[in-house]
Amino acid sequence: MERRIAVFANAWGEKRISDSLESIKKCAIEFDYDVFVFISHAAPGMSKNEQIEEKRIYNLPELEDFDGAIIFSDSMNFIELVCDIRDRANKAGIPIVNIGSQVDGMPYVGTSDLESMTDLAEHLVGEHQVKDIEFIAAPKDAECSNLRIEAVRSVFARYSIPFDEKCIHYGDWSVRDAMEITKRIIRDRRDNLPDAIVCANDLLAMSACVELQKAGIKVPEEIIVTGYDNLEDGQVFIPSLCTVGQDYPLLGEIAFEKLMKLINGEKVSDTVLNGELIKNGSCGCFNSNAALLRERVCKSAFYDKVISREFSWSNNWFSNAILDGESNGKLKENTTAYLKRTTMFENGTTYILLDQNAKLYFAGEEYTTCTEGYSDTLDVFAAVEQRQIINCDTINRREYIPGYKKQDGVTKMYIFFPAHFVDWVFGYIVVEDWLVGIETGKLNIFVNNFNQTVEKLKQNISLEHLNEKLTDLYTKDSLTGIYNRFGFNNEGKRIFDESKHKKKHMVLMFIDVNRMKLINDYYGHLQGDIAIKVVAEVIKKCISENWLPIRFGGDEFLVVGQCDKEEDIIESKERIVSGVKIAGKKMNLPFYLSISCGYLYFCPEDEGTLDSYIKQVDESMYEIKAYMHASDTELREFEERCKKL
C-alpha cells in the first residue's frame with residue numbers, strides 16, 4: 001500500500017473546506033496516511049482557457065499511486081470534473097468517497113439539501129408569512145441548488161401557496177451574477193417587492209443584500225433574504241444571514257472512515273445528515289450567537305489587519321526575491337532562500353515545480369499545451385522542507401514532491417495548487433498543512449500574486465537558466481527594448497575604445513526621471529514602468545542613429561556615441577526634455593513626467609577611463625536635477641499633489 005490518499009476540492013469553499021480537511025487530517029493521523037489535496041479556484045466566470053489551467057491540477061495525480069480518494073463534489077463547480085475523477089478512480093481500482101452532493105457511482109456523505117431547505121422554507125412561511133419569493137439559484141445542472149428549489153416548491157404546495165416557476169433565476173454561483181439578478185428583481189418589482197429573496201448559498205445572499213441596500217431597500221424590514229451554508233462572513237454580515245448550517249468537520253470524519261472501510265474491503269452505505277436551521281437577522285429573528293461572533297471578530301479586527309498586512313508584505317517580498325533573482329542571475333537561489341526564511345507558510349515546507357512546456361513559453365516559442373496534465377519531467381524551481389533546502393533539479397511527474405517518502409508514524413497533508421500565467425501553464429506549487437490559507441482566502445491571494453509575478457518575469461526577461469539560447473537577449477532591457485547595463489558594458493566600451501584609438505569626440509548624456517519615487521509610491525509601480533517606457537521611446541526618437549541609448553538602472557538612462565559637433569548634442573537634449581513632457585501630457589498620464597539631462601562632450605584621453613567620464617556627466621546631471629526641482633513650477637505642483645494623496 002502507498003499509505004496515501006488523494007483529496008479533490010475547490011478552494012472557493014474556504015472555511016467549510018478547511019474545516020473538513022482538518023478533520024480528515026486528524027483521521028489520517030490515526031490511520032497513518034499521508035493526504036495529498038489537489039485544489040484550485042476554477043469557476044464558471046473564468047475564460048475557457050483559464051478554466052483549463054485551473055483544472056489542470058486535478059489531472060496531476062495518477063490514481064493508481066493512491067490507496068483511495070475523497071472528492072468534495074459540491075465545491076467543484078463543474079459536474080464533468082466530478083464524474084471524470086470518479087471514472088479515473090474506478091479505472092485505477094481504488095475506492096472513492098464523495099462529500100457534498102449525490103453522484104452516481106460513489107458512496108456519499110452529506111447534508112440533506114431537501115430536508116434542510118424544507119426547514120428553512122417552513123420557517124419563512126410559518127413564522128414570517130412569506131408567500132411571494134424570488135429564488136437566486138445556481139446553474140441548472142447543480143443538483144444541490146435544484147434540491148433546495150424543490151424544498152421551497154414543496155412547502156409552498158403544502159400551504160397551498162402558488163409557486164411561480166418564473167421566480168427562479170439561474171446563475172453561475174458568482175457574486176457579480178447574483179448582484180445583476182438582484183438589480184433585475186429590484187427594477188421589475190420595485191413597486192411590488194417579494195416577501196423574500198431565497199438564495200442557493202450565503203455568498204449569493206450577501207450579494208443580494210448589498211444590492212438591496214444600495215437601492216435603499218431595508219433587510220429584513222422590507223424584504224427577507226436567506227442563504228445556505230452558514231459561512232462565518234454571513235454571520236458577521238449586517239444583517240446576519242438566516243441560513244442552514246452543515247457540520248463540515250463531521251462530514252470529513254465520516255468520509256475518511258468510510259474510505260478506510262472500503263480500502264479494507266468492507267461495504268458502506270450513504271450517510272445523510274440533517275442541516276441546522278440558523279434563524280437570524282436577515283429574516284427578522286434575533287440570534288445571540290451571531291452577536292457574539294460579530295463581537296469576537298471586531299475584537300480581533302486589529303490583529304487580523306496586522307496579520308493581513310504582514311502577509312501582503314511577505315507576498316511583495318516573495319515577488320521581489322523572484323524578480324531580483326532574475327536580475328542577478330540567481331533566480332532559483334533567491335527564491336529558495338526566501339522560502340527558507342519566510343513565515344508565510346506555517347511549517348516552512350514549500351515546493352514549486354516547473355512544467356517543461358513553460359520553457360518554450362518563456363523562450364517565446366509556440367507550442368500546443370497538453371490539456372490533460374503536466375509534462376512527464378518537472379524542473380524543481382524551488383524546494384524547501386521544514387526550512388531546509390532540498391537540492392534537486394528535476395523529478396518524474398509521478399514523484400509529485402522532490403524526495404517524497406511516506407514516513408511510518410508521521411502524517412503529512414500536502415496541498416497542491418496550479419501555477420499559470422492566465423492561460424499558459426507554469427507548473428504547480430505544494431505547501432504543507434496550510435489550511436489557514438484556504439480558510440482565510442490567503443491561498444487565492446498568494447496564487448494570484450505568484451502568477452502575476454511569473455507573468456511579469458516572463459515579460460521583463462526570459463529566464464537564463466531555462467534556455468541558453470536567450471543569452472543574446474541579456475544585452476537588452478525587457479521593459480524598454482533598449483540596451484541595459486550589461487549591453488553597455490559591451491557596446492559602450494567598444495565605442496569608447498574605438499573613439500580613443502581614432503581620437504574621435506564622444507557624447508555621454510545622462511538622463512534621470514524627476515521624482516520617480518513619488519510616481520512609484522503614489523501611483524504604483526505599473527505607472528512607474530509606463531514612465532520608464534515613455535522616456536525610453538522619446539530618447540530613441542531624438543538621438544542620432546549611431547548613438548547608443550541605455551537604461552543604466554532604474555530610472556536612469558545613458559546615451560553614448562561618437563559626435564563631431566556639440567551643437568548636435570544640445571539639439572538632441574532639448575528635443576528629449578521637451579519630448580518627454582509632451583508625450584506625458586498627450587497620454588494623459590496621472591502624474592507629471594519630466595527629466596533632468598546632463599551631457600559631456602569630450603575626446604577620450606589616454607589616461608581617461610569610461611567610468612571616470614560617466615562620473616563627471618553624472619555629477620553634471622545632478623546639478624541640473626537640483627535646479628529643475630527648484631525651478632520647475634509644474635514639478636513642484638506635482639510634488640504638492642502627491643503630499644495630499
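Refer to the preceding data block for the structure.
Residues numbered from 1 in each chain as written. Predicted model: local features only at pLDDT ≥ 70, side-chain atom pairs only at ≥ 80, totals over all residues. Heavy atoms only, no water.

A. Summary view of the overall build of the chain. Helix and strand content of the chain: 21 helices and 22 strands. Within the chain, buried positions represent 53% of all 645 residues. Contacts in the chain between residues far apart in sequence, at least 24 positions, make up 74% of those at least 6 positions apart. Both charge centroids of the chain, one from 76 positive and one from 104 negative side chains, sit 3 Å from each other. (Helix = DSSP H or I, 4+ residues; strand = E, 2+ residues; numbered from the N terminus. Buried < 20%, exposed > 50% of the residue type's maximum accessible area, 1.4 Å probe, protein only. Contact = heavy atoms within 4.5 Å. Lys, Arg positive; Asp, Glu negative; His and termini not counted. Charge placed at Lys NZ, Arg CZ, Asp CG, Glu CD.)

B. Local environment of unusual backbone geometry. The omega angle of the peptide bond from Val219 to Pro220 is 10 degrees, so this bond is cis rather than trans. For the peptide bond that leads from Ile238 to Pro239, omega is 0 degrees, which places it in the cis range. For Pro239, the location among the structural elements is in the loop between helix H8 (232–236) and strand S10 (243–245). Phi at Asn588 takes a positive value of approximately 55 degrees, unusual for a residue other than glycine. Along the chain, the position of Asn588 falls in the loop between helix H19 (566–586) and strand S22 (595–602).

C. The pairing of strand S17 (residues 413–421), seen in detail. The buried fraction of S17 is high, at 9 of 9 residues. Two elements, strand S2 (residues 34–40) and S17, share 4 bridges in a ladder whose sense is parallel. Paired with Val37 across the two strands is Ile415, which belongs to S17. Here S17 folds back onto strand S18 (residues 424–432) in antiparallel fashion, the turn holding 2 residues, of which Val422 has a positive phi close to 60 degrees. (Pairing = 2+ DSSP bridges.)

D. View of the pattern of salt bridges. With the rule as written, the count across this model stands at 34 salt bridges. In this structure, the salt-bridge partner of Arg575 is Glu571, at a minimum N-O distance of 2.9 Å. Note that Arg575 and Glu571 are positioned in helix H19 at a spacing of 4 residues, about one turn of the helix. Here the residues in one salt-bridge network are Glu62, Asp376 and Arg397, joined through shared partners. (Salt bridge = Lys/Arg side-chain N within 4 Å of Asp/Glu carboxyl O.)

E. Main features of the packing of helix H16 (residues 485–502) against helix H20 (residues 610–631). With their axes 11 Å apart at the nearest point, H16 and H20 run at an angle of 100 degrees to one another. The angle between H16 and H20 places the two elements in the roughly perpendicular class. Between H16 and H20, the contacting residues are Phe488, Gly492, Lys493 and Phe496 on the first element and Leu610, Tyr613 and Ile614 on the second. Residues belonging to the contact of H16 with H20 are distributed by class as follows: 5 nonpolar, 1 polar and 1 charged. (Axes fitted to C-alpha atoms, helices over the stretch in contact; angles between N-to-C directions. Parallel < 35°, antiparallel > 145°, perpendicular 65-115°, else oblique. Nonpolar A, V, L, I, M, F, W, Y, C, P; charged D, E, K, R; others polar.)

F. Spatial organisation of the packing of helix H4 (residues 113–128) against helix H5 (residues 143–158). Axis separation between H4 and H5 bottoms out at 8 Å; the angle between their running directions is 40 degrees. Taken together, the axes of H4 and H5 lie oblique to each other. At the point where H4 passes H5, the crossing takes the right-handed sense. Along the contact surface, H4 presents Asp113, Leu114, Met117, Thr118, Ala121, Glu122 and Val125, while H5 presents Cys144, Leu147, Arg148, Glu150, Ala151, Val152, Val155, Phe156 and Arg158. Among the residues forming the contact of H4 with H5, the class breakdown is 10 nonpolar, 1 polar and 5 charged. (Left-handed = near helix turned anticlockwise from the far one by under 90°.)

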